[in-house]
Structure formats: structure tokens, C-alpha cells
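Below, each chain spelled out in residue letters.
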2 protein chains.
Amino acid sequence: MIVTDKKCRKSQQRKVILDELQKSTAHPTAKQLYQLVKKRLPDVGMATIYRNLDHLEKNNQVIKIGSKQNETRYDGKISKHCHLICRDCNHIIDLMDVDKIIIKSKELKQSKFKIDPNYAEIFGTCNACC
Amino acid sequence: MIVTDKKCRKSQQRKVILDELQKSTAHPTAKQLYQLVKKRLPDVGMATIYRNLDHLEKNNQVIKIGSKQNETRYDGKISKHCHLICRDCNHIIDLMDVDKIIIKSKELKQSKFKIDPNYAEIFGTCNACC
DNA sequence: CTGGATGCAAAGGTTTTGCACGCTA
DNA sequence: TAGCGTGCAAAACCTTTGCATCCAG
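Conventions we followed
Residues numbered from 1 in each chain as written. Chains lettered and ligands numbered in written order. Predicted model: local features only at pLDDT ≥ 70, side-chain atom pairs only at ≥ 80, totals over all residues. Heavy atoms only, no water. Near = heavy atom within 4 Å. Polar contact = N/O pair within 3.5 Å; in protein donor to acceptor, adjacent residues only side chain to side chain. Helix = DSSP H or I, 4+ residues; strand = E, 2+ residues; numbered from the N terminus. Least-squares fit on C-alpha atoms with pLDDT ≥ 70 in both. Contact = heavy atoms within 4.5 Å. Axes fitted to C-alpha atoms, helices over the stretch in contact; angles between N-to-C directions. Parallel < 35°, antiparallel > 145°, perpendicular 65-115°, else oblique. Left-handed = near helix turned anticlockwise from the far one by under 90°. Expected span 1.5 Å × (residues − 1). Buried < 20%, exposed > 50% of the residue type's maximum accessible area, 1.4 Å probe, protein only. pLDDT = per-residue confidence, 0-100. Domains from an automatic or database assignment. Buried area = accessible area lost by both parts, 1.4 Å probe. Salt bridge = Lys/Arg side-chain N within 4 Å of Asp/Glu carboxyl O.

A. Spatial organisation of the protein's contact with DNA strand C. Looking at DNA strand C, there are 23 residues lining it, with Arg9, Ser11 and Thr48 of chain A together with Arg9 and Tyr50 of chain B nearest. Considering the 4 Å shell around the protein, atoms of DNA strand C inside it are sugar or phosphate in 66% of instances. Side-chain polar atom of Ser11 of chain A to a phosphate oxygen of DNA strand C: 2.8 Å apart, as the coordinates give it. Between DNA strand C and Lys10 of chain B there is a distance of 3.5 Å, counted from a phosphate oxygen to a backbone nitrogen or oxygen. Breaking the surface near DNA strand C down by element, the ones donating at least two residues are helix 1 (12–23) and helix 3 (46–58) of chain A together with helix 2 (30–40) and helix 3 (46–58) of chain B. Ranked by the residues each element gives to the surface near DNA strand C, the list is headed by helix 3 of chain A, at four residues.

B. View of the relation of the copies chain B and chain A. It takes a turn of 179° to lay chain B on chain A, together with a shift of 0.0 Å along the axis; the resulting RMSD is 0.2 Å. As the rotation angle and translation indicate, the two copies are arranged about a two-fold axis. Comparing contact sets, 100% of the residues at the interface of chain B also lie at the interface in chain A, consistent with an isologous, same-surface contact.

C. How the structure looks around the packing of helix 1 of chain A against helix 2 (residues 30–40) of chain A. All names here are of chain A. One can describe the packing of helix 1 onto helix 2 by two numbers: an axis separation of 10 Å at closest approach and a directional angle of 120°. In terms of their interaxial angle, helix 1 and helix 2 are classed as oblique. The hand of the helix 1/helix 2 crossing is right-handed. Note on element contacts: helix 2 touches helix 1 through Leu33, Leu36, Val37 and Arg40, opposite Val16, Ile17, Asp19, Glu20, Leu21 and Lys23.

D. How the structure looks around helix 3 of chain A. The end-to-end C-alpha distance of helix 3 of chain A, which contains 13 residues, comes to 19 Å, matching closely the 18 Å that a straight helix rising 1.5 Å per residue would cover. Along helix 3 of chain A, the residues classified as buried are Ile49, Asn52, Leu53, His55, Leu56 and Glu57 of chain A. If you follow the buried residues of helix 3 of chain A, they end up packed against helix 1, helix 2 and strand 1 (63–65) of chain A together with strand 2 (73–75) of chain B.

E. Representation of unusual backbone geometry. Residue and element names in this part refer to chain B. One non-glycine residue, Asn60, lies in the positive phi region at around 55°. Summarising the element assignment, Asn60 is placed in the loop between helix 3 and strand 1 (63–64). The residue Asn90 is not glycine, and still its phi comes out positive at about 65°.

F. How the structure looks around the confidence of the model for chain A. Overall, the prediction assigns chain A a mean pLDDT of 92, with 95% of residues at 70 or greater. Low pLDDT, under 50, characterises residues 1–5 of chain A; the predicted model gives this stretch eight contacts beyond four residues in sequence or across chains.

G. Looking closely at the domain arrangement of chain A. Residues and elements named next belong to chain A. For chain A, the domain assignment lists domain 1 (6–74) and domain 2 (79–124). At the junction of the two partners, domain 1 supplies seven residues and domain 2 supplies four residues. Buried area between domain 1 and domain 2, summed over both chains or domains, comes out near 520 Å², and the portion from carbon and sulfur atoms is 42%. Among the residues of domain 1 in contact with domain 2, Ser67, Lys68 and Arg73 are the three that bury the most area, contributing 67% of the side total. At the junction of domain 1 with domain 2, the criterion picks out one salt bridge.

Spelled out as C-alpha cells, the structure:
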């Protein structure tokens, strides 16, 4: 579902932030984005970056990678399994019985990326949050 | 590859931290683990929790969930795609051409978890780090 | 004009580090 | 006894928030 915020104003800052993020392929951090934006708007503040990233994410113009929680979580089970992570409540479900994760992608083959089968995080919405 | 640290000592603290983590199914944060450990070792400090979690992770006894980087990263591409994340260098590769991710798991079906196809993070090692 | 957006500075959280002391092997 | 591990406190980070001011619509 795409939410369009009718009350939002298109400030220079917001435009530049979105533009820099769309131009980049590096998946930058807020700080890196700040450096990029600062080149075009030297007076920009860090708070503006964060506020706009939140705003843009809520309006589905930007993706925040990973869990929305900013505390690291740990798992004492080291046998092969993967995690389902609820983007709403941060609940994590273990999938212990996954034989194989099949991803059909040419880019994956070309990338020569070596998938660690113990480590996949699949995001979505858990039963309680649906 | 399993790395066993020959110089490590089995302090009470380390044993209790590992034990609590293995008993838990909640994927606790460092702080939550601290509360659990504190019940058994009232004088334990937060630094001990963090140092041991690092140590245990390096020895493959504990999994740190998510990217090892603790800064949030953002993506300006909102079309459906998933991410390959290198656990060594934190490089993120976009897979734009994934039709479907197939996960064979009974637990997944039972969980009624609703996967967001735009959001999968597959961890491993990138070409440069192999 | 109006109220959303900004910049600055301060506060809030999490994680790391320095240091003297304690404890395992 | 050697040197790894601990607890405490301070520091280092990342992110959020309060407030006066600015500016887009």
C-alpha cells in the first residue's frame, strides 16, 4: 500500500536527500548521506537528515535496511536455521527446518556472492500483527 | 569453519551468559541478557556482557542477528528487490531480478508469517572477501 | 499567514574502552 | 604466577527531541 502524505511540503532539503539516495548504489548510512547532502546544502543539519529519512520511509520513498530496532539481538542456537523478522513488532521466529532457500536470479550467479545458509533474514508481518 | 580459541578461560560470567542465551528463545538484546544474568550474578557489569557476546560470536557459539554494522543504512530504490549483505565488509548488493524466493519449511507455513517479498536479506560473503 | 520543516544544541540510548583488580589455568 | 576477564566509570557513537526561526503553499 502506498501512502501519500498530503500535508508534506517539498523543501529543498527533502528533495536533495531523496535525490542523493536515489543516485547512490552504496546503501549509505545517515552520516554518509549527510556528507553528500552537505556538498549541495552546506548548512544542512544531521537532524534534518534523520527526520527526512523517517518521513520518506513512512511515505514509501525510501527503504530502511534491516530491523527497525536499533539494538543488536543475539541467538544462542548455532545450528543451521534462518530468521523471520516482523517489521511491526520486531518479533523473531526461528525456522529450524529449512532445507534450502531457492533464489532464482541471474544477478546472484554473476555476483559470485557466497550465501551462508545459516543466515537469512526474511522480513514481513507476524501472525499477531496481521 | 569453526574457530576454537585456545586461550579462552571459562569464567562464571561467560558460562552464565552462554547458558541464558541458549535457554532463551526470545533472541534477547544485550540489555535483556544483562537482566537475566544479573539474577544469577548480581555484580555483573554491562561491559562483561558485551565483551563476552563478542568473544562468543568470534568462537561461533553465538549468532549476532543482522548486519554487524550498527548504523542503519538506507536504499532509495523502492522497486521490489532483495539484498545480499556481506558479513565481512558490510557491502550490500541489490538483487533486482528475483522472481521468487522459495523457502521450504513446515514451520513457515504453521507460523502464518506473511513474507514481504521486497524485504529479504541474505547474508554471506561477497566476491571481494572470499 | 499557517503550520510543516529546519538548524542548533542538548538529551537519550547503545556499545566501546581505559584502568586497576581479581581469578583461572 | 601470568595474563585473561571483570567491574566501574567515562567516552564514543548513533539517533531523537525541544525550541525558536524559517519558508512553502
